[in-house]
There are 2 protein chains.
Amino acid sequence: MSNPLHSLFLGPKGENEQILKELLDSALETHLRWRRSNHPEDPSPIASRESPAPAERAELRRHFASLLEQLQGSVPFFSGRYNGHMLSEQTIAGQAAYFAAMLYNPNNVSGEVAPVTTRLEEEVAHLLAEMIGYDPMRCWGHLTSGGTIANFEALWIARNVFYHPVAASLAARSLGVDVSVSLPDGSVAMLSQLNLWQLLNIRPACSLDLWEKLWLAAPRPALESALKSRSLATLGYQDYNRQLAAEFGDPLPPGVVLASGTAHYSWAKIVAALGVGSNQLVFVPVEPECRMDPDALWREIESLTSRRIPIMACVSTCGTTEQGAVDDLQRIVDVRARAERELGVTFHIHSDACYGGYAASLTRAPDGSRLTAAGVREICGGAHWPTDQWTRSVSALERADSVSIDPHKLGYVPYPAGAFLLKDRRGRELVATDPPYLALTTSRENGDAPVIGRFIFEGSKPGASAAATWLSHKTIPLNSAGHGRIIASTLRAARDLYALFGSADFSPYRVVRLPEPDLNIVCFLLHHPSLGTLSELNALNEMIYRELSPDAEMSAPYMITRTRLTSPAYDGAIGPLLLSLGKDGESYQESIAEGLTVLRATVMNPFSVDASPDYLLGLVDAVRRAAMSFLGGPASPVRRHRLRRATCHAQ
Amino acid sequence: MSNPLHSLFLGPKGENEQILKELLDSALETHLRWRRSNHPEDPSPIASRESPAPAERAELRRHFASLLEQLQGSVPFFSGRYNGHMLSEQTIAGQAAYFAAMLYNPNNVSGEVAPVTTRLEEEVAHLLAEMIGYDPMRCWGHLTSGGTIANFEALWIARNVFYHPVAASLAARSLGVDVSVSLPDGSVAMLSQLNLWQLLNIRPACSLDLWEKLWLAAPRPALESALKSRSLATLGYQDYNRQLAAEFGDPLPPGVVLASGTAHYSWAKIVAALGVGSNQLVFVPVEPECRMDPDALWREIESLTSRRIPIMACVSTCGTTEQGAVDDLQRIVDVRARAERELGVTFHIHSDACYGGYAASLTRAPDGSRLTAAGVREICGGAHWPTDQWTRSVSALERADSVSIDPHKLGYVPYPAGAFLLKDRRGRELVATDPPYLALTTSRENGDAPVIGRFIFEGSKPGASAAATWLSHKTIPLNSAGHGRIIASTLRAARDLYALFGSADFSPYRVVRLPEPDLNIVCFLLHHPSLGTLSELNALNEMIYRELSPDAEMSAPYMITRTRLTSPAYDGAIGPLLLSLGKDGESYQESIAEGLTVLRATVMNPFSVDASPDYLLGLVDAVRRAAMSFLGGPASPVRRHRLRRATCHAQ
């Protein structure tokens with residue numbers, strides 16, 4: 001069947017080179033015309049008879065040729081044979097637009113230096129907001145260098161909103177004013193009456209309302225200064241703690257961040273760097289599917305509350321990096337609602353949808369309405385999948401307080417392109433910094449161009465990235481008829497691969513799979529009855545990984561990757577896997593602390609599902625061959641020796 | 001005179017389009033060949049007779065045409081008429097290499113997904129290290145999305161190194177071991193004997209030595225765990241503070257970060273986000289040249305020491321964003337040496353050389369040796385400049401503990417490209433995080449490719465940026481015969497512009513200039529005898545700025561920008577400026593709190609100095625015309641009205 005989306009990627013053999021060339025040529029021509037139309041009366045600074053500096057040009061050509069030669073050693077992400085990390089083909093739109101805008105080199109820190117691409121960035125934020133269901137008029141969004149920075153921003157803003165009521169309370173007291181506050185259980189109280197515990201349990205939107213109420217109650221400059229001087233951002237943690245102890249008698253234990261054991265490793269970095277401390281990253285157990293367990297979340301909230309430990313934020317994941325697991329966000333939001341009602345406790349919910357966020361395009365009809373689970377299944381061609389829970393989980397992104405989502409992953413645009421979306425745009429004001437040299441007031445007609453740099457972690461940033469994301473999403477709309485079709489095809493391919501691993505004959509090995517994939521990542525491992533220890537099991541799978549990973553000659557017939565499921569974070573997923581190994585699995589349990597290596601195939605090539613030869617069959621066969629190559633009979637000296645070496649490596 | 005470097009930029013009229021096209025074509029051809037040589041036996045997934053999806057292609061063409069049309073509204077940074085922000089022409093090498101590598105879309109988080117470009121990134125770090133004088137074998141460096149993230153990393157690492165001796169002391173005590181430590185005054189003591197104040201005053205290198213000494217004294221796993229559990233990164237500030245209070249009786253006041261008032265606005269954001277607190281950003285007064293005053297720094301250190309306030313880091317700037325001022329880093333390092341000797345106090349010195357770092361290329365001879373100040377003057381063609389102090393200051397970058405430097409500024413490569421350099425690579429281990437799904441152990445022959453992502457703030461990052469920076473620096477070497485010539489020409493142009501503003505007749509206005517530029521940024525303001533208040537003075541200059549800033553039609557004949565010198569941070573620079581205005585200036589002093597607007601011209605176009613017509617004369621004339629357009633006689637109603645309106649805007 002002909003797939004029109006196939007014409008929007010370069011193609012594994014460069015089948016669509018013609019249109020890419022056409023676009024690149026027109027980008028360069030237009031750019032040159034633009035340059036020449038700018039003060040055409042100015043003479044060229046380059047004398048027309050000037051020698052073209054042959055020595056310098058020769059150097060440029062020589063080094064460029066060397067670069068091109070070196071680049072031949074790159075990993076062939078474009079190929080259906082690559083199913084490793086979250087990299088694949090890029091859209092022609094993304095490539096061409098990045099190049100086109102790069103020629104103008106706009107800096108999206110501010111409209112003053114990027115009048116065009118800052119507007120495109122705003123439009124991208126709107127498109128993403130519409131896809132996930134945020135109100136574009138109330139939210140704020142922008143591009144980042146990647147998901148890690150977007151996640152950094154989420155916790156940065158969440159923390160400022162979390163502590164804001166404390167500053168508000170102290171500021172109000174100093175100004176002799178008082179205002180009402182909505183509490184999480186629905187009651188209303190006066191700000192002055194709240195103790196520290198209550199102040200740290202105000203809903204994000206109510207925390208920001210508080211600000212507006214205080215504006216009405218007190219003169220603005222005095223209020224601004226009173227708030228600022230009492231904020232954590234100004235005082236820093238050390239003085240802030242002293243202030244809390246002095247004002248409230250007890251600063252309470254540090255606020256924690258809840259995340260599932262499957263959360264991206266960047267969260268450990270983020271809590272450490274922001275001064276929250278990695279001890280305060282509390283891992284919620286996972287279900288066998290590697291999703292956060294909502295019941296365990298409830299129990300954790302109860303336990304924290306009983307110890308008077310406030311919760312700053314909860315990070316839910318839509319598409320874990322390792323397994324593509326999609327948390328049941330709807331239930332997580334419901335757990336928070338219950339905590340608000342029953343415990344008077346609340347917190348910011350962030351969805352780390354860096355990988356899986358684009359799955360929301362599958363739930364969005366071309367007219368903008370939300371599809372039912374049955375409608376999603378119809379598009380995917382699955383009788384029983386995606387499940388009702390899946391559609392509910394993805395649709396619930398609109399209920400998160402913030403979302404990070406990476407166009408450079410399942411958005412199929414070139415690096416760098418992450419994105420951060422904040423449901424309530426007022427939150428950005430709490431982290432604003434004013435660059436003195438950028439025009440914040442009207443700069444002629446361009447004055448309404450946004451100064452993105454005020455509210456973000458980064459400073460200078462490529463407008464080309466905004467152009468690439470914009471064009472890609474305009475060309476392939478973020479709905480079930482556009483981008484959703486690509487996502488659907490990779491979901492289908494992943495399920496096909498999953499089924500193939502389930503039915504293929506690997507004897508004397510046995511293939512053990514994680515539960516059915518939520519997105520397009522398939523995790524599995526191979527087991528052999530002779531493997532006496534968990535280390536040997538891990539070593540076998542590390543060896544297979546090494547056979548099927550990039551080397552200098554890219555000689556592996558297929559490429560996948562692997563990850564280590566660590567304990568105790570992943571116990572909820574490792575347990576059932578080992579159980580399925582029977583007696584062997586039981587004995588492995590003893591050394592669970594070393595974690596479990598699983599092989600991992602990310603199936604996101606837009607051509608995979610329609611490909612011939614069938615790359616999925618080929619991949620299964622390649623895994624089998626790699627495994628078989630270690631067998632000279634299960635107890636052969638060669639094999640033992642290899643396994644031992646690999647065991648040393650893997651530890 | 002023919003300038004060979006002219007052939008390495010596209011040129012204001014696209015004079016060098018031919019070679020750019022040639023490189024782009026060969027990049028695409030090579031890439032297509034590479035794709036086709038990868039498993040040529042695989043059939044194409046795109047049926048050869050498949051329709052090229054005319055509707056989808058039409059959409060792609062339509063939106064692309066719209067993008068190109070919109071991009072025409074970009075700011076003409078390439079033009080000699082643009083002297084606004086720190087943006088200019090990019091090297092052809094940078095443009096072509098970015099495009100070439102982008103086709104392969106490598107992710108420099110790890111060699112596993114970017115075997116080629118991670119090595120190029122390492123090479124770029126070496127080239128930059130050699131330029132500033134770091135030992136490439138002892139330092140560590142990498143690219144970032146920009147200077148802000150590089151600065152974030154500097155303080156992130158500095159803080160971890162700063163608090164490391166405290167964790168080491170507590171860990172050693174718990175393990176029952178003791179080691180010797182070098183103190184800043186040169187004496188040696190046993191770790192167990194040090195009080196908190198002394199632990200917070202260990203030189204960065206000695207702090208890291210401590211780690212190695214402890215490795216020898218205690219079993220490694222026990223030590224690692226003891227250190228980790230006592231680190232700020234693990235505990236977070238709140239529990240850390242309690243621990244300090246419990247162990248040492250007094251946690252001491254929070255550690256501060258010293259910076260001059262001219263430091264980049266990102267520093268306020270960084271100390272706030274990292275939990276240090278903006279109160280702990282202590283501004284050191286500046287000299288009239290907007291450089292940090294080393295004597296004031298000494299007094300500040302004395303004062304902090306007398307109050308037992310520890311110093312985490314001092315941020316010196318090489319090329320302030322607003323004026324291009326180059327701190328006398330040599331003297332700053334000397335002040336620290338004196339503080340170590342006389343006060344027993346020390347701290348990390350970071351040079352924020354995001355803008356000015358490439359000036360170091362001027363001090364480096366092609367054979368790698370360091371040029372004398374006289375040698376630098378010879379290259380610049382200046383009889384008395386750059387001064388001895390200038391060369392000493394730039395050469396002193398090698399004495400800073402870390403340096404941030406932006407290839408996307410004076411490196412003339414496309415966004416995004418910042419860089420971070422750390423003198424003692426061991427420091428990165430204190431912030432390392434291991435991604436479980438990236439291969440840290442040998443992954444076949446590519447196993448030695450670096451896992452950059454372990455040690456950095458970001459995660460995924462474009463390998464294309466490394467390729468662009470690499471090719472640019474290979475083609476235009478970072479020495480006085482290569483990149484230094486471009487820097488020299490822009491320095492010369494800026495001094496010419498400075499002189500023109502000094503000699504031109506602006507009557508009835510008067511031009512007041514900041515002191516001679518250290519780099520290629522010229523700051524000045526216009527004064528008119530009728531301006532009764534500082535607000536009116538500021539409003540006049542804001543109006544001139546608005547006339548000479550980009551609008552929707554880009555109709556301004558020349559483009560500059562402006563900044564607001566705030567008080568008290570800039571008092572050391574504002575004072576002399578106002579003084580030079582005589583009686584008017586004295587009266588303005590009263591409202592100094594509102595700051596002083598100065599016009600700002602960044603002269604970094606590589607063609608500027610050789611240009612004809614003389615863009616510098618043109619710029620001076622454009623400023624004069626803009627100012628004159630407000631005059632219908634100094635007291636004309638039109639002018640008064642305009643000024644009042646502008647005054648409202650400016651406030």
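Note that the structure is a prediction, hence the values are computed from the model and not measured.

K.L.:
With reference to specific residues and values, describe the interface of chain A and chain B.
P.N.:
The interface of chain A with chain B comprises 147 residues on the first partner and 147 residues on the second. Ranked by residues supplied to the side of chain A that touches chain B, first place goes to helix 1 (residues 17-37) of chain A with 13 residues. Taken together, the residues of the side of chain A that touches chain B break down into 69 nonpolar, 52 polar and 26 charged.

K.L.:
Can you tell me about the pairing of strand 13 (residues 596-602) of chain A, naming the residues and giving the values?
P.N.:
Residues and elements named next belong to chain A. Within strand 13, seven of the seven residues are buried, which leaves the element mostly enclosed by the surrounding structure. Here strand 13 shows no split at all, with Leu596, Val598, Arg600 and Thr602 on one side and Thr597, Leu599 and Ala601 on the other all buried. Looking at chain direction, strand 11 (residues 521-527) and strand 13 are connected through four bridges and run antiparallel. Paired with Ile521 across the two strands is Thr602, which belongs to strand 13. Across five bridges, strand 12 (residues 561-565) lies against strand 13 in antiparallel orientation. Bridge pairing in strand 13 links Thr561 to Arg600.

K.L.:
Outline the nonpolar core, supporting the account with residue identities and numerical values.
P.N.:
Leu421 and Ala467 of chain A together with Leu421 and Ala467 of chain B are the most contacted members of the largest nonpolar core, which has 426 residues in total. Sequence-distant contacts of Ala467 of chain A, that is, excluding residues within four places in its chain, are made with Ala97, Tyr98, Ala100, Ala101, Thr117 and Leu120 of chain A together with Leu67 of chain B.

K.L.:
Run through the sheet that holds strand 10 (residues 510-513) of chain A, naming residues and quoting values.
P.N.:
Residues and elements named next belong to chain A. As summarised here, the arrangement of the four strands in space is 10-11-13-12, forming an open sheet in which the pairing is antiparallel. Where the open sheet ends on each side, the last strands, each with one partner, are strand 10 and strand 12. Here the strands of the sheet are splayed against their neighbours by 40° on average, with no regard to which way each runs. Helix-sheet contacts for helix 16 (residues 483-503) involve strand 10, strand 11 and strand 13, and the interaxial angle to strand 11 is about 15°.

K.L.:
Give a description of unusual backbone geometry that names residues and reports values.
P.N.:
Trp385 of chain A connects to Pro386 of chain A through a cis peptide bond whose omega is -10°. Locating Pro386 of chain A in the fold gives a position in the loop between helix 13 (373-380) and helix 14 (388-395). The step from Tyr415 of chain A to Pro416 of chain A runs through a cis peptide bond, and the omega angle for that step is -5°. If you trace the backbone, Pro416 of chain A turns up in the loop between strand 8 (402-405) and strand 9 (418-422). We note that Tyr412 of chain A has phi near 60°; this positive angle belongs to a residue other than glycine. Along the chain, the position of Tyr412 of chain A falls in the loop between strand 8 and strand 9. Backbone geometry at Leu252 of chain B places phi at a positive 65°, although glycine is not the residue there. Among the secondary structure elements, Leu252 of chain B is positioned in the loop between helix 9 (232-248) and strand 4 (256-260). Accessibility expressed as a C-beta count within 10 Å gives 20 for Leu252 of chain B, which makes it buried.

K.L.:
Describe the packing of helix 1 of chain A against helix 1 (residues 17-37) of chain B, with residues and values.
P.N.:
When two helices pack together, their arrangement is captured by the angle between the axes and the distance separating the axes. It is at 12 Å that the axes of helix 1 of chain A and helix 1 of chain B come closest, and there the two elements cross at 165°. Looking at the two axes, helix 1 of chain A sits roughly antiparallel to helix 1 of chain B. Of the two elements, helix 1 of chain A crosses helix 1 of chain B, and the hand of that crossing is right-handed. For the pair formed by helix 1 of chain A and helix 1 of chain B, the contact residues are Glu17, Lys21, Leu24, Leu28 and Leu32 of chain A on the first element and Glu17, Lys21, Leu24, Leu28 and Leu32 of chain B on the second. Here the contact of helix 1 of chain A with helix 1 of chain B is composed, by residue class, of six nonpolar, no polar and four charged.

K.L.:
How would you sum up the confidence of the model for chain A? Please name residues and give values.
P.N.:
Detailed reading of the predicted coordinates is not advisable wherever pLDDT falls low. Overall, the predicted model of chain A reaches an average pLDDT of 92, with 93% of residues at or above 70. With pLDDT under 50 throughout, residues 440-447 of chain A is counted as low confidence; its partners more than four residues away or in other chains account for 20 contacts.

K.L.:
Before we move on, can you summarise the domain arrangement of chain A with the specific residues and values?
P.N.:
All names here are of chain A. Its domain assignment divides chain A into domain 1 (132-148 + 253-452 + 459-475), domain 2 (157-248) and domain 3 (484-650). Averaged C-alpha coordinates put domain 1 and domain 2 at centres separated by 25 Å. Among the secondary structure elements, those contributing two or more residues to the side of domain 1 that touches domain 2 are strand 6 (311-317), helix 12 (329-343) and strand 7 (348-352). Partitioning the side of domain 1 that touches domain 2 into residue classes produces eight nonpolar, eight polar and seven charged.

Calculation notes
Residues numbered from 1 in each chain as written. Chains lettered and ligands numbered in written order. Predicted model: local features only at pLDDT ≥ 70, side-chain atom pairs only at ≥ 80, totals over all residues. Contact = placed C-beta atoms within 7 Å. Helix = DSSP H or I, 4+ residues; strand = E, 2+ residues; numbered from the N terminus. Nonpolar A, V, L, I, M, F, W, Y, C, P; charged D, E, K, R; others polar. Buried ≥ 20, exposed ≤ 12 C-beta atoms within 10 Å, placed from the backbone. Pairing = 2+ DSSP bridges. Core = buried A, V, L, I, M, F, W, Y, C linked by C-beta atoms within 7 Å. Axes fitted to C-alpha atoms, helices over the stretch in contact; angles between N-to-C directions. Parallel < 35°, antiparallel > 145°, perpendicular 65-115°, else oblique. Left-handed = near helix turned anticlockwise from the far one by under 90°. pLDDT = per-residue confidence, 0-100. Domains from an automatic or database assignment.

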